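Residues per chain, in single letters:
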Amino acid sequence: MEELQIFNAQTQSYVANGLFQIAVVIGVFIVFRAARFARQNNIAAKVLVSLFGLVISFFSLNIGSLRPQIEQVTALRLADAQAAGTKLSNNAVAYIEQIGMTAGDVLPAQANLFGDIGTVIFTAVFLLIALGTIWVPGSDFSEK
């Protein structure tokens, strides 16, 4: 692969990641809407909406954990291309050094769910608001 193809693949990966992040945001709005109604219903509705909120949170953390992997894969592909004799630009060489990958490295088999701090903070705040709306009396965040 050439340098431009590698960076193009990285861009396509970021676009796909962004589309999944849109699905997370839609799920967040569904959980918030359901939480407003679950607080006024029985325990079964509260438990189901809480579980759905936890599923959306886990999905959010999974999507966020892919971004550092995209960067590592790009650096690995660039390092492998350089080792195969492809001439890389100075920016590509600096990118490899910044990420810390070398030719022949292997990515970890398990992604770090807490690798993207922005996603972790977003997910924690989302869970606090959603579960607080459902379970804490007098904590309705909606307009009246």
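Overview of the structure.

What counts and how
Residues numbered from 1 in each chain as written. Predicted model: local features only at pLDDT ≥ 70, side-chain atom pairs only at ≥ 80, totals over all residues. Heavy atoms only, no water. Core = buried A, V, L, I, M, F, W, Y, C linked by side-chain atoms within 4.5 Å. Buried < 20%, exposed > 50% of the residue type's maximum accessible area, 1.4 Å probe, protein only. Helix = DSSP H or I, 4+ residues; strand = E, 2+ residues; numbered from the N terminus. Contact = heavy atoms within 4.5 Å. Phe/Tyr/Trp six-rings, centres within 6.5 Å; stacked < 30°, edge-to-face > 60°. Lys NZ or Arg CZ within 6 Å of the ring centre and 35° of its normal. Axes fitted to C-alpha atoms, helices over the stretch in contact; angles between N-to-C directions. Parallel < 35°, antiparallel > 145°, perpendicular 65-115°, else oblique. Left-handed = near helix turned anticlockwise from the far one by under 90°. Nonpolar A, V, L, I, M, F, W, Y, C, P; charged D, E, K, R; others polar. Patch = residues over 30% accessible without salt bridge, like charges linked within 9 Å, V, L, I, M, F, W, Y side chains within 5 Å. Areas by Shrake-Rupley, 256 points an atom, 1.4 Å probe, with all protein chains shown as cover. Salt bridge = Lys/Arg side-chain N within 4 Å of Asp/Glu carboxyl O.

Looking at the nonpolar core
At step 1: Ranked by size, the top nonpolar core spans 11 residues in total: Ile 6, Ala 75, Leu 76, Leu 78, Ala 79, Ala 81, Leu 88, Ala 92, Tyr 95, Ile 96 and Met 101.
At step 2: At the level of secondary structure, the elements contributing two or more residues to this core comprise helix 2 (43-83) and helix 3 (90-99).
At step 3: Tallying contributions element by element places helix 2 first for this core, with 5 residues.
At step 4: Once residues within four sequence positions are removed from consideration, Ala 81 is found in contact with Met 1, Ile 6 and Thr 86.

A closer look at the packing of aromatic side chains
At step 1: Per the counting criterion, the structure on display carries 3 aromatic pairs.
At step 2: We note Arg 36 situated over the ring of Phe 37; from NZ or CZ to the ring centre the distance is 5.8 Å.

Brief notes about the packing of helix 1 (residues 3-38) against helix 4 (residues 117-135)
At step 1: Two numbers describe how helix 1 lies on helix 4: the axes approach to 8 Å, and their chain directions differ by 20°. As far as their axial angle goes, helix 4 and helix 1 are roughly parallel. Where helix 1 crosses over helix 4, the handedness of that crossing is left-handed. Mapping the contact onto sequence places Gln 21, Val 24, Val 28, Val 31, Phe 32, Ala 35 and Arg 36 in helix 1 and Phe 122, Phe 126, Ile 129, Ala 130, Thr 133 and Ile 134 in helix 4.
At step 2: In terms of residue class, the contact of helix 1 with helix 4 is made up of 10 nonpolar, 2 polar and 1 charged.

Side note on the environment of Glu 71
At step 1: Examined against the element boundaries, Glu 71 turns out to sit in helix 2.
At step 2: For Glu 71, a relative accessible area of 31% corresponds to the partly exposed category.
At step 3: Along the sequence, Glu 71 and Tyr 95 sit 24 residues apart, while their C-alpha atoms lie 9.1 Å from each other.
At step 4: Once you skip the residues sitting within four places of it in the chain, Glu 71 turns out to touch Gln 10, Tyr 14, Tyr 95 and Ile 99.

Describing a nonpolar patch on the surface
At step 1: A surface patch of nonpolar side chains, amounting to about 650 Å² of accessible area, comprises Ile 43, Val 47, Leu 48, Leu 51, Leu 54, Trp 135 and Val 136.
At step 2: No other element matches the 5 residues that helix 2 contributes to the nonpolar patch.
At step 3: Among the structural elements, Trp 135 can be located in helix 4.

A word on the side chain of Ser 60
At step 1: Counting through the fold element by element, Ser 60 comes out in helix 2.
At step 2: Residue Ser 60 is classed as buried on the basis of its relative accessible area of 2%.
At step 3: For Ser 60, the contacting residues outside a window of four places in its chain are Gln 21, Val 24, Thr 119, Phe 122 and Thr 123.

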